Amino acid sequence: MDRLSSYLSNCDPVLHIPIYFTLFNITWTYVVGELTGNCSQVDRMWTFFPTMYTAYYALLPSLPFAPKDIQEAGLNYRVCLMLALQVFWMTRLSYNTWRRGLFAFKDEDYRWQILRDSMPVSLFHVFHFVFIAAMQNAILFGLGYPAYLALRNPNAPLGIYDALLVALSIIDVLVEFAADNQQYSYQTFKHSKRPRVQKPEKEEWFWAKQRWSEDDAERGFIVRGLWAWSRHPNFAAEQTFWWLMTLFPILTGPGSLDPPSIQTILSPETYQSIASLLSAYGSLQPLLPGIIISFLFLGSTRFTEWITKKKYPVRYKAYQRRVGMFSPIGTVFKGWYLQATGERKKVDDLLWGPVKALNGTKKAN
């Protein structure tokens with residue numbers, strides 16, 4: 001506790017409550033997970049915590065315990081704008097989490113059980129605390145950090161960058177919602193009783209009106225719609241959203257990002273100690289939320305694909321060869337490469353043919 005008190009004494013008072021809240025969340029998610037044997041406590045709260053941190057920063061100027069300089073500056077409309085976008089994001093994620101049944105206390109992410117079975121019990125308890133409880137809650141704290149930086153920037157009027165980031169954020173959430181809807185429609189059809197019956201098109205959400213066939217269901221994973229261009233369009237959009245949040249304080253706050261010079265980067269002295277490294281690259285810390293969420297998704301996606309490829313070794317390997325993990329640009333280049341090597345038709349046939357229902361989005365070019 002003395003170390004924590006010493007750290008907080010040198011820390012911006014604005015961050016005190018979020019830090020205590022993060023420590024509380026680490027504690028209760030770990031304890032409840034251990035007591036119940038269900039490690040998805042953080043998963044259930046993922047949809048709420050980032051927005052809660054941002055709400056704190058947005059409303060802080062109106063709270064009686066706020067630092068004097070924050071109260072005098074008044075409401076920061078940029079932070080309020082970020083909060084509104086995150087509420088929009090939260091609504092989408094909460095709806096998708098609810099309809100998949102993941103808010104049920106008995107439900108657990110299937111990947112945790114696979115990990116649990118793959119390592120000694122004692123090691124999994126350590127993993128549960130270090131990664132699932134501590135690191136993930138720290139990441140959620142970090143997703144609110146752009147709002148903190150925006151709050152600490154000069155309270156400048158909203159401008160063209162704000163309008164651009166708002167427009168891109170809304171489009172991004174809608175794309176993610178479309179990917180969710182396509183996946184949910186496919187999985188509902190796949191897991192329905194035979195003979196499988198799909199809901200009428202008019203009852204499906206927008207961009208999720210693909211007509212699935214028995215061939216699609218037997219394949220085991222979705223390869224149509226947005227999923228013909230990205231193996232994980234929902235994950236790609238999720239990362240993009242938090243990168244857009246990361247850019248709010250950077251693009252709208254003068255001097256928020258001060259990259260090191262080429263001379264500093266190339267100097268051996270920069271890498272002689274942790275202190276010199278932090279001194280050289282510390283100015284890049286506004287980029288950390290976007291960088292960390294991308295690394296998280298890269299690791300978790302590779303693990304998810306490892307599981308899927310074990311279930312569908314031939315076709316999923318073909319899917320990986322044909323479609324980019326996140327970016328549609330990768331899909332285009334993969335198509336060109338397979339065309340040049342004469343393998344494209346073989347791979348395409350494994351993924352998209354023969355399929356009876358073709359009135360959804362067809363294969364990528």
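Residues numbered from 1 in each chain as written. Predicted model: local features only at pLDDT ≥ 70, side-chain atom pairs only at ≥ 80, totals over all residues. Heavy atoms only, no water.

## Concerning the packing of aromatic side chains
All chains considered together, the criterion is met by 27 aromatic pairs. For the ring pair tryptophan 89 and phenylalanine 241, a centre distance of 6.0 Å and an interplane angle of 10° mean the geometry is stacked. In this pair, tryptophan 89 sits in helix 6 (residues 77–99) while phenylalanine 241 sits in helix 12 (residues 233–252), placing the two residues 152 residues apart along the sequence. Here the two residues tryptophan 89 and phenylalanine 241 agree in accessibility, since each one is buried. (Phe/Tyr/Trp six-rings, centres within 6.5 Å; stacked < 30°, edge-to-face > 60°. Helix = DSSP H or I, 4+ residues; strand = E, 2+ residues; numbered from the N terminus. Buried < 20%, exposed > 50% of the residue type's maximum accessible area, 1.4 Å probe, protein only.)

## A short note on the pattern of salt bridges
Going through the model one piece at a time under the given rule, you end up with 16 salt bridges. We note a salt bridge from arginine 322 to aspartate 348, for which the minimum N-O separation is 2.8 Å. Taken together, the residues span a long stretch of sequence, with arginine 322 in helix 16 (residues 313–322) and aspartate 348 in helix 18 (residues 344–352) at a distance of 26 residues. (Salt bridge = Lys/Arg side-chain N within 4 Å of Asp/Glu carboxyl O.)

## Quick word on the layout of surface pockets
There is about 460 Å³ of room inside the second largest pocket. Lining the second largest pocket we find 15 residues, and of these Ala138, Phe141, Gly142, Tyr145 and Leu288 sit closest to its centre. Within the residue set of the lining of the second largest pocket, elements represented by two or more residues are helix 2 (16–36), helix 8 (121–143) and helix 15 (288–311). At five residues, helix 8 tops the list of elements feeding residues into the lining of the second largest pocket. (1 Å grid on protein atoms, 1.4 Å probe; cavity = no way out; pocket = protein on both sides within 12 Å on 5 of 7 lines; lining within 4 Å. Points joined across faces, edges and corners; volume = space filled by probe spheres on them.)

## Brief notes about the side chain of glutamine 239
By the element assignment, glutamine 239 lies in helix 12. Residue classification places glutamine 239 among the buried residues on the basis of a relative accessible area of 9%. Polar contacts involving the side chain of glutamine 239 include one to the side chain of serine 294, which spans 3.4 Å. Excluding residues that lie within four positions of it along the chain, glutamine 239 makes contacts with Ile293, Ser294, Phe297 and Phe326. (Polar contact = N/O pair within 3.5 Å; in protein donor to acceptor, adjacent residues only side chain to side chain. Contact = heavy atoms within 4.5 Å.)

## Topic: the nonpolar core
Grouped together as the largest cluster of nonpolar side chains are 55 residues, with contacts concentrated most on Val14, Trp46, Tyr57, Trp89 and Ile293. Where this core is concerned, the elements lending two or more residues are helix 4 (49–59), helix 6, helix 7 (110–118), helix 8, helix 9 (145–152), helix 10 (160–190), helix 12 and helix 15. Discounting residues that sit within four places of it in the chain, tryptophan 46 has contacts with Trp89, Leu93, Gln136, Ile139, Leu140, Leu143, Glu238, Ile293 and Leu296. By size, the runner-up hydrophobic cluster in this structure holds 19 residues, among which are Ala179, Trp227, Ala318 and Val323. (Core = buried A, V, L, I, M, F, W, Y, C linked by side-chain atoms within 4.5 Å.)

## Let's talk about the packing of helix 2 against helix 4
Two elements in contact, helix 2 and helix 4, have axes separated by 11 Å at closest approach and are oriented at 160°. When the axis of helix 2 is compared with that of helix 4, the two are roughly antiparallel. In the packing of helix 2 onto helix 4, the handedness of the crossing is right-handed. In this structure, helix 2 uses Ile17, Pro18, Phe21, Thr22, Asn25 and Trp28 to contact helix 4, whose residues at the interface are Phe49, Met52, Tyr53, Tyr56 and Tyr57. Of the residues that constitute the contact of helix 2 with helix 4, the class distribution is nine nonpolar, two polar and no charged. (Axes fitted to C-alpha atoms, helices over the stretch in contact; angles between N-to-C directions. Parallel < 35°, antiparallel > 145°, perpendicular 65-115°, else oblique. Left-handed = near helix turned anticlockwise from the far one by under 90°. Nonpolar A, V, L, I, M, F, W, Y, C, P; charged D, E, K, R; others polar.)

## Topic: the confidence of the model for the protein
Of the residues in the protein, 94% reach a pLDDT of 70 or more, and the chain-wide mean stands at 89. Per-element averaging of pLDDT across the protein places helix 1 (residues 2–9) at the bottom with 69 and helix 4 at the top with 97. Confidence over residues 355–365 falls short of pLDDT 50; this stretch has 33 contacts with residues more than four positions distant or in other chains. (pLDDT = per-residue confidence, 0-100.)

## Regarding a nonpolar patch on the surface
Residues Phe88, Ile170, Leu174, Trp205, Phe206 and Trp207 make up a contiguous nonpolar surface patch of about 540 Å² in total accessible area. For tryptophan 205, the position within the fold is in the loop between helix 10 and helix 11 (214–219). (Patch = residues over 30% accessible without salt bridge, like charges linked within 9 Å, V, L, I, M, F, W, Y side chains within 5 Å. Areas by Shrake-Rupley, 256 points an atom, 1.4 Å probe, with all protein chains shown as cover.)

## Remarks on the side chain of aspartate 180
Mapped onto the elements of the fold, aspartate 180 is located in helix 10. The exposure class of aspartate 180 is buried, given its relative accessible area of 6%. Of the polar contacts made by the side chain of aspartate 180, one reaches the side chain of arginine 92; its length is 2.2 Å. Residues in contact with aspartate 180, not counting those within four places in the same chain, are Arg92, Asn96, Arg99 and Asn234.

## Some points on helix 9
The element helix 9 is largely enclosed, with a buried count of seven among its eight residues. Tyr145, Pro146, Ala147, Tyr148, Leu149, Ala150 and Leu151 are the residues of helix 9 that are buried. Those residues of helix 9 that are buried lie in contact with helix 4, helix 5 (68–73), helix 6, helix 8, helix 12 and helix 15.

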